[in-house]
Amino acid sequence: MELEEIYRELGISREVLHFGDAIEAGLKERFEAIDLNAEYNQMKVLKAMQDARVSDIHFAATTGYGYNDLGRDTLEEVYAKAFHAESALVRPQLISGTHALHVALSGNLRPGDELLSPVGKPYDTLEEVIGIRESVGSLKEYGVSYRQVDLLPDGTFDYENIAKAINDKTKLITIQRSKGYDPRPTLSVKLIGELIAFVKKIKPEVICMVDNCYGEFVERIEPTDVGADMIVGSLIKNPGGGLAPIGGYIVGKTECIDKASYRLSAPGLGKEIGASLGLNQSFFQGLFLSPTVVAGALKGAIFAANVYEKLGFSVAPNSTESRHDIIQAVTFGTPEGVVAFCQGIQAAAPVDSFVSPEPWDMPGYDAPVIMAAGAFVQGSSIELSADGPMKPPYAVYFQGGLTWYHAKLGILKSLQKLVDANLAKL
Ligand SMILES: *Cc1c(COP(=O)(O)O)cnc(C)c1O
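Since the model is a prediction, treat every value here as computed from it, not as a measurement. (Residues numbered from 1 in each chain as written. Predicted model: local features only at pLDDT ≥ 70, side-chain atom pairs only at ≥ 80, totals over all residues. Heavy atoms only, no water.)

Draft legend 1. Summary view of the overall build of the protein chain. Within the protein chain one finds twelve helices and twelve strands. Across its three principal axes, the protein chain shows a C-alpha extent of roughly 60 × 50 × 40 Å. When burial is assessed residue by residue, the protein chain has 57% of its 426 residues classed as buried. A fraction of 70% describes how many contacts in the protein chain between residues 6 or more apart in sequence connect residues 24 or more apart. Put simply, the protein chain shows about 17700 Å² of open surface, and 55% of that area lies on carbon and sulfur atoms. The average position of the 39 basic charges and that of the 53 acidic charges among the side chains of the protein chain differ by 3 Å. (Helix = DSSP H or I, 4+ residues; strand = E, 2+ residues; numbered from the N terminus. Buried < 20%, exposed > 50% of the residue type's maximum accessible area, 1.4 Å probe, protein only. Contact = heavy atoms within 4.5 Å. Areas by Shrake-Rupley, 256 points an atom, 1.4 Å probe, with all protein chains shown as cover. Lys, Arg positive; Asp, Glu negative; His and termini not counted. Charge placed at Lys NZ, Arg CZ, Asp CG, Glu CD.)

Below, the structure is given as structure tokens:
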């Protein structure tokens, strides 16, 4: 059967398919570069697994307290090695990216300390963790103050004001690699390294933490390669490779990781406790697959940028920019555009393709959000997913795709919905 026929059975018209294929043909070189990065990162992960002598005994389940969980301890060794760091906390008990970030922050900050974000407003859910938005149990309630220096209008660091913001109380700086729901650019690892070097020159003992969500394995280096003391992320994003059903990680200096572990479990218990409940194999295997999964997601993001830029929508990153995370923003300017796009992504899914997403008031966000996700793991955003807060400029944030082919179908399906509703013209 011809490719065109199977796409037609999936609801993609000839016109939409040909439009997509013409765009794909122009992306050959970029896709090759992505494959080379994936090859490099695959070798990096394999080396870490071999050096840590991963064996099938490490896939055994522990229950109860989880003392002497060999698999868990070896998994953490693999993460530390793969990210070229001293130590790691990789746990199903870290229930989300926000939780992992909260554990890393609250474990390392004490009353009277100050937290600084030199890259502007952090991810929405962190506003309540920090207390930027009043919230019960925030760091602010525990006497941790917060300071923020915004990026300059051109997206670069405001070094002058960052220098002024660092004071006696500054204990930890938090750098968000990915743009999240903001229109600002995503930071390259190289730029993050320059910022860390600048901060450490002013105050060497300050802890530099990077919110690494969506950035893992996009480049060949990670923030831990350029001086970050701690990197934090979610296992239902890049490093879980689509197989981890839950979890988060904190990787970095032993002292920082230990402090985070006393917050995650309890003072005195730290890393020694926490059963892995049979999840270790998914964590190992997901990490193993992550470099190629991330490559597929990146191809999808670049494809989407090129499709929608060609149709006259504003896209970030643009069609030719280099990539530092897997997120693609497309600004439709209308609520209808956001909804049509998300419904197209949903209709392309392997799971729940028959449901139609609607905006809802999601906890932690300040506007209704529409989410498309026909995922094997609930809320997984390394799987093909899209979400858009229902507020101006009416942009959608699109990410993931366990395979490039699925990401391609998702974009084509979204385009078909927009074309059918007269919201886009080929
Ligand atoms: C996803 C994300 C978070 C929060 O992770 P959750 O798992 O959604 O809690 C934090 N920061 C950034 C940059 C993210 O992309």
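Now, onward.
Draft legend 2. Here's a closer look at the packing of helix α3 (residues 28–51) against helix α10 (residues 280–310). In contact at an axis separation of 9 Å, α3 and α10 are set at 165° when each is read in the N-to-C sense. By the angle between their axes, α3 is roughly antiparallel relative to α10. Regarding α3 and α10, the two cross each other, and that crossing is right-handed. Between α3 and α10, the residues in contact are Arg30, Phe31, Ile34, Asp35, Ala38, Asn41, Gln42, Val45, Leu46 and Met49 and Phe284, Leu287, Phe288, Pro291, Thr292, Ala295, Leu298, Lys299, Ile302 and Asn306, respectively. Residue classes in the contact of α3 with α10 are distributed as 13 nonpolar, four polar and three charged. (Axes fitted to C-alpha atoms, helices over the stretch in contact; angles between N-to-C directions. Parallel < 35°, antiparallel > 145°, perpendicular 65-115°, else oblique. Left-handed = near helix turned anticlockwise from the far one by under 90°. Nonpolar A, V, L, I, M, F, W, Y, C, P; charged D, E, K, R; others polar.)

Draft legend 3. Quick look at the nonpolar core. In this structure, Tyr79, Ile175, Val307, Tyr308 and Phe341 are the most contacted members of the largest nonpolar core, which totals 103 residues. The biggest single contributor to this core is α10, with 14 residues. Composition of this core by domain shows at least three residues from each of domain 1 (2–42 + 288–420) and domain 2 (62–278). When sequence neighbours within four positions are dropped, the list of residues in contact with tyrosine 79 reads Ala88, Val90, Leu235, Pro239, Tyr249, Val251 and Leu287. One finds Leu105, Val129, Val144 and Cys256 within the second-largest nonpolar core, a separate group that totals 23 residues. (Core = buried A, V, L, I, M, F, W, Y, C linked by side-chain atoms within 4.5 Å. Domains from an automatic or database assignment.)

Draft legend 4. Molecular detail of helix α12 (residues 404–420). Here α12 spans 24 Å end to end across 17 residues, near enough to the 24 Å set by a 1.5 Å rise per residue. Of all the 17 residues making up α12, 13 are buried; the element is thus mostly covered by neighbouring parts of the structure. Just downstream of α12, asparagine 422 is the residue with a positive phi angle, here 60°. (Expected span 1.5 Å × (residues − 1).)

Draft legend 5. Local environment of the packing of helix α11 (residues 335–347) against α12. In contact at an axis separation of 7 Å, α11 and α12 are set at 135° when each is read in the N-to-C sense. By the criterion of interaxial angle, the relationship of α11 to α12 is oblique. Note that α11 runs across α12; the crossing there is right-handed. Contact residues: Gly337, Ala340, Phe341, Gln343, Gly344, Ile345 and Ala347 in α11; Gly410, Ile411, Lys413, Ser414, Lys417 and Leu418 in α12. Of the residues in the contact of α11 with α12, the class split is six nonpolar, five polar and two charged.

Draft legend 6. Fine view of the domain arrangement of the protein chain. Domain assignment breaks the protein chain into domain 1 (2–42 + 288–420) and domain 2 (62–278). Using C-alpha coordinates to define each centre, domain 1 is positioned 27 Å away from domain 2. Each side of the interface is counted separately: domain 1 has 35 residues, and domain 2 has 30 residues. Summed over both sides, the interface between domain 1 and domain 2 buries roughly 2700 Å², with carbon and sulfur atoms accounting for 58% of that surface. (Buried area = accessible area lost by both parts, 1.4 Å probe.)

Draft legend 7. Structural detail: the site of the ligand. Ser96, Gly97, Thr98, Leu101, Tyr123, Gln176, Asp211, Cys213, Tyr214 and Lys237 make up every residue found near the ligand. Within the side chain of threonine 98, an N or O atom sits 2.5 Å from an oxygen atom of the ligand. A distance of 2.5 Å separates a nitrogen atom of the ligand from a polar atom in the side chain of aspartate 211. It is helix α5 (residues 97–108) that provides the largest number of residues to the shell around the ligand, a total of three residues. Classifying every residue of the shell around the ligand gives four nonpolar, four polar and two charged. (Near = heavy atom within 4 Å. Polar contact = N/O pair within 3.5 Å; in protein donor to acceptor, adjacent residues only side chain to side chain.)

Draft legend 8. The pattern of salt bridges, seen in detail. The final tally for this structure, using the stated rule, is 25 salt bridges. The partner of aspartate 21 in a salt bridge is lysine 408, with the nearest N and O atoms 2.9 Å apart. Placement of the pair is aspartate 21 in helix α2 (residues 14–25) and lysine 408 in helix α12, with a sequence separation of 387 residues. Since its relative accessible area comes to 30%, aspartate 21 is described here as partly exposed. What makes lysine 408 buried here is its relative accessible area of 6%. Between glutamate 127 and arginine 133 there is a salt bridge whose closest N-O contact spans 2.7 Å. Among the residues examined, arginine 133 registers a relative accessible area of 24% and is labelled partly exposed. Taken together, the shared-partner salt bridges in this structure form one network comprising Lys121, Asp124, Glu127, Glu128 and Arg133. (Salt bridge = Lys/Arg side-chain N within 4 Å of Asp/Glu carboxyl O.)

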